[in-house]
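Secondary and tertiary structure notes
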Amino acid sequence: MKYYVLLLRTALATGGIGTITWTGENYRRITYALENPDTVDPDGRLGAMVATRDYTPDQVGYGVHAATQLIYLVFRDIGEQKIGKAFSALKPKQYLESPGTFENHKIFGAFDQGYWKDEFNMGKTTADNMVIGLGASLNPTIRAITQKLLAGIRQYPPLPPEDFN
(Lines give C-alpha, C1' and ligand atoms only; values in the text may rest on other atoms or scores of the structure.)
Protein backbone atom coordinates (compact mmCIF):
# COMPACT_ATOMS: atom_id res chain seq x y z
CA MET A 1 0.00 0.00 0.00
CA LYS A 2 2.82 2.40 0.85
CA TYR A 3 4.17 1.97 -2.70
CA TYR A 4 0.98 3.53 -4.05
CA VAL A 5 1.37 6.51 -1.73
CA LEU A 6 4.97 6.90 -2.88
CA LEU A 7 3.85 6.73 -6.52
CA LEU A 8 1.21 9.41 -5.98
CA ARG A 9 3.63 11.63 -4.04
CA THR A 10 6.07 11.34 -6.92
CA ALA A 11 3.30 12.32 -9.33
CA LEU A 12 2.56 15.38 -7.19
CA ALA A 13 6.21 16.41 -7.00
CA THR A 14 6.45 16.28 -10.80
CA GLY A 15 3.23 18.21 -11.31
CA GLY A 16 1.01 15.14 -11.49
CA ILE A 17 -2.37 14.33 -9.96
CA GLY A 18 -3.50 14.49 -6.37
CA THR A 19 -2.38 16.23 -3.24
CA ILE A 20 -0.53 14.94 -0.22
CA THR A 21 -3.50 15.87 1.96
CA TRP A 22 -6.01 14.05 -0.26
CA THR A 23 -3.98 10.86 -0.71
CA GLY A 24 -2.80 10.90 2.89
CA GLU A 25 -6.37 11.11 4.14
CA ASN A 26 -7.44 8.40 1.71
CA TYR A 27 -4.58 6.17 2.87
CA ARG A 28 -5.63 6.74 6.49
CA ARG A 29 -9.21 5.78 5.64
CA ILE A 30 -8.07 2.61 3.87
CA THR A 31 -5.90 1.60 6.82
CA TYR A 32 -8.70 2.27 9.29
CA ALA A 33 -11.24 0.34 7.19
CA LEU A 34 -9.02 -2.71 6.86
CA GLU A 35 -8.30 -2.67 10.61
CA ASN A 36 -11.97 -2.05 11.49
CA PRO A 37 -14.03 -3.78 8.79
CA ASP A 38 -17.22 -3.67 10.87
CA THR A 39 -17.26 0.13 10.53
CA VAL A 40 -17.30 0.05 6.71
CA ASP A 41 -20.31 0.39 4.42
CA PRO A 42 -20.12 -3.02 2.71
CA ASP A 43 -21.69 -1.62 -0.46
CA GLY A 44 -19.05 1.06 -1.13
CA ARG A 45 -15.47 1.03 -2.40
CA LEU A 46 -14.08 0.45 1.10
CA GLY A 47 -16.51 -2.48 1.34
CA ALA A 48 -15.00 -3.86 -1.86
CA MET A 49 -11.56 -3.60 -0.25
CA VAL A 50 -12.72 -5.42 2.85
CA ALA A 51 -14.36 -8.09 0.67
CA THR A 52 -11.10 -8.69 -1.24
CA ARG A 53 -8.50 -8.30 1.51
CA ASP A 54 -7.95 -11.98 2.31
CA TYR A 55 -7.18 -13.33 -1.15
CA THR A 56 -3.74 -14.87 -1.62
CA PRO A 57 -1.13 -13.91 -4.25
CA ASP A 58 -2.18 -16.85 -6.43
CA GLN A 59 -5.80 -15.62 -6.73
CA VAL A 60 -7.43 -12.96 -8.92
CA GLY A 61 -8.81 -11.19 -5.84
CA TYR A 62 -5.31 -10.34 -4.65
CA GLY A 63 -4.70 -8.07 -7.63
CA VAL A 64 -8.26 -6.75 -7.58
CA HIS A 65 -7.75 -5.72 -3.94
CA ALA A 66 -4.58 -3.80 -4.84
CA ALA A 67 -6.30 -2.12 -7.80
CA THR A 68 -9.25 -1.14 -5.60
CA GLN A 69 -6.87 0.42 -3.08
CA LEU A 70 -5.20 2.46 -5.81
CA ILE A 71 -8.58 3.61 -7.12
CA TYR A 72 -9.58 4.67 -3.60
CA LEU A 73 -6.31 6.57 -3.12
CA VAL A 74 -7.07 8.62 -6.22
CA PHE A 75 -10.88 8.94 -6.16
CA ARG A 76 -11.96 8.04 -2.60
CA ASP A 77 -15.71 7.40 -2.79
CA ILE A 78 -16.34 9.43 -5.95
CA GLY A 79 -18.34 7.27 -8.34
CA GLU A 80 -18.20 4.23 -6.08
CA GLN A 81 -21.86 3.30 -6.57
CA LYS A 82 -22.45 -0.16 -4.99
CA ILE A 83 -19.16 -1.80 -6.03
CA GLY A 84 -18.71 -3.49 -2.64
CA LYS A 85 -22.08 -5.16 -3.00
CA ALA A 86 -21.19 -6.21 -6.56
CA PHE A 87 -17.85 -7.73 -5.45
CA SER A 88 -19.59 -9.68 -2.68
CA ALA A 89 -22.13 -11.38 -4.96
CA LEU A 90 -21.69 -15.10 -5.68
CA LYS A 91 -20.49 -14.97 -9.31
CA PRO A 92 -17.82 -12.28 -8.82
CA LYS A 93 -16.61 -14.09 -5.69
CA GLN A 94 -16.04 -17.16 -7.85
CA TYR A 95 -13.97 -15.05 -10.25
CA LEU A 96 -12.02 -13.49 -7.38
CA GLU A 97 -11.24 -16.92 -5.92
CA SER A 98 -9.95 -18.28 -9.24
CA PRO A 99 -6.22 -18.73 -9.96
CA GLY A 100 -4.49 -15.44 -10.77
CA THR A 101 -3.83 -16.16 -14.43
CA PHE A 102 -3.96 -13.40 -17.00
CA GLU A 103 -7.04 -15.01 -18.58
CA ASN A 104 -8.86 -15.17 -15.24
CA HIS A 105 -8.02 -11.52 -14.57
CA LYS A 106 -9.55 -10.71 -17.97
CA ILE A 107 -12.70 -12.66 -17.05
CA PHE A 108 -13.05 -10.64 -13.87
CA GLY A 109 -12.21 -7.50 -15.86
CA ALA A 110 -15.13 -8.21 -18.19
CA PHE A 111 -17.45 -8.52 -15.21
CA ASP A 112 -16.09 -5.30 -13.69
CA GLN A 113 -16.34 -3.33 -16.93
CA GLY A 114 -19.89 -4.61 -17.39
CA TYR A 115 -20.81 -3.39 -13.92
CA TRP A 116 -19.55 0.13 -14.72
CA LYS A 117 -21.27 0.15 -18.11
CA ASP A 118 -24.54 -0.66 -16.32
CA GLU A 119 -23.90 2.23 -13.91
CA PHE A 120 -22.99 4.71 -16.66
CA ASN A 121 -24.59 8.14 -16.03
CA MET A 122 -26.23 6.84 -12.85
CA GLY A 123 -24.02 8.86 -10.48
CA LYS A 124 -25.33 11.62 -8.24
CA THR A 125 -22.81 14.20 -9.47
CA THR A 126 -20.83 15.05 -12.58
CA ALA A 127 -17.67 13.86 -10.83
CA ASP A 128 -19.37 10.52 -10.06
CA ASN A 129 -20.29 10.13 -13.71
CA MET A 130 -16.76 10.97 -14.85
CA VAL A 131 -15.26 8.24 -12.65
CA ILE A 132 -18.00 5.77 -13.63
CA GLY A 133 -17.32 6.59 -17.29
CA LEU A 134 -13.63 5.90 -16.77
CA GLY A 135 -14.51 2.52 -15.25
CA ALA A 136 -16.85 1.74 -18.13
CA SER A 137 -14.16 2.57 -20.68
CA LEU A 138 -11.36 0.34 -19.36
CA ASN A 139 -11.45 -2.98 -21.21
CA PRO A 140 -10.73 -6.39 -19.65
CA THR A 141 -7.19 -6.57 -21.06
CA ILE A 142 -6.19 -3.22 -19.49
CA ARG A 143 -7.77 -4.33 -16.23
CA ALA A 144 -5.93 -7.67 -16.30
CA ILE A 145 -2.59 -5.95 -16.94
CA THR A 146 -3.20 -3.47 -14.12
CA GLN A 147 -4.39 -6.11 -11.64
CA LYS A 148 -1.46 -8.43 -12.37
CA LEU A 149 1.02 -5.55 -12.09
CA LEU A 150 -0.44 -4.33 -8.80
CA ALA A 151 -0.59 -7.89 -7.43
CA GLY A 152 3.15 -8.13 -8.05
CA ILE A 153 3.82 -4.79 -6.36
CA ARG A 154 1.62 -5.74 -3.41
CA GLN A 155 3.91 -8.68 -2.62
CA TYR A 156 6.85 -6.40 -1.76
CA PRO A 157 7.41 -5.65 1.92
CA PRO A 158 6.26 -2.19 3.06
CA LEU A 159 8.75 0.64 2.88
CA PRO A 160 9.98 2.08 6.19
CA PRO A 161 8.20 5.30 7.25
CA GLU A 162 11.37 7.38 6.84
CA ASP A 163 11.16 6.75 3.08
CA PHE A 164 8.08 8.98 3.01
CA ASN A 165 9.72 12.04 4.54
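Let me begin by describing the structure that accompanies this report. (Residues numbered from 1 in each chain as written. Predicted model: local features only at pLDDT ≥ 70, side-chain atom pairs only at ≥ 80, totals over all residues. Heavy atoms only, no water.)

Inspection of the entire model under this criterion finds four aromatic pairs. Measuring from ring centre to ring centre gives 6.2 Å for Y95 and F111, while their planes differ by 55°; the resulting arrangement is tilted. With Y95 in helix α6 (residues 90-97) and F111 in helix α7 (residues 102-119), this residue pair connects regions lying 16 residues apart in the sequence. We classify Y95 as partly exposed; its relative accessible area is 21%. Summarising the aromatic geometry, the rings of F108 and F111 are spaced 5.5 Å apart at their centres and angled 50° between planes, so their arrangement reads as tilted. With F108 and F111 both in helix α7 and three residues apart, the pair spans about one turn of that helix. (Phe/Tyr/Trp six-rings, centres within 6.5 Å; stacked < 30°, edge-to-face > 60°. Helix = DSSP H or I, 4+ residues; strand = E, 2+ residues; numbered from the N terminus. Buried < 20%, exposed > 50% of the residue type's maximum accessible area, 1.4 Å probe, protein only.)

Attention now goes to the environment of R29. Tracing the sequence through the fold places R29 in helix α2 (residues 20-35). A sequence separation of 17 residues divides R29 from L46, and the C-alpha atoms of the two residues are 8.5 Å apart. Look past the residues within four positions of R29 in its chain and what remains in contact with it is L46, Y72 and R76. (Contact = heavy atoms within 4.5 Å.)

As a further point, take the nonpolar core. With 15 residues, the main nonpolar core has V64, I83, F87, L96, F108, Y115 and W116 as its most contacted residues. Where this core is concerned, the elements lending two or more residues are α4 (60-75), α5 (83-88), α7 and α8 (126-137). Dropping the residues within four chain positions of it, Y115 is found in contact with E80, Q81, K82, I83 and A86. (Core = buried A, V, L, I, M, F, W, Y, C linked by side-chain atoms within 4.5 Å.)

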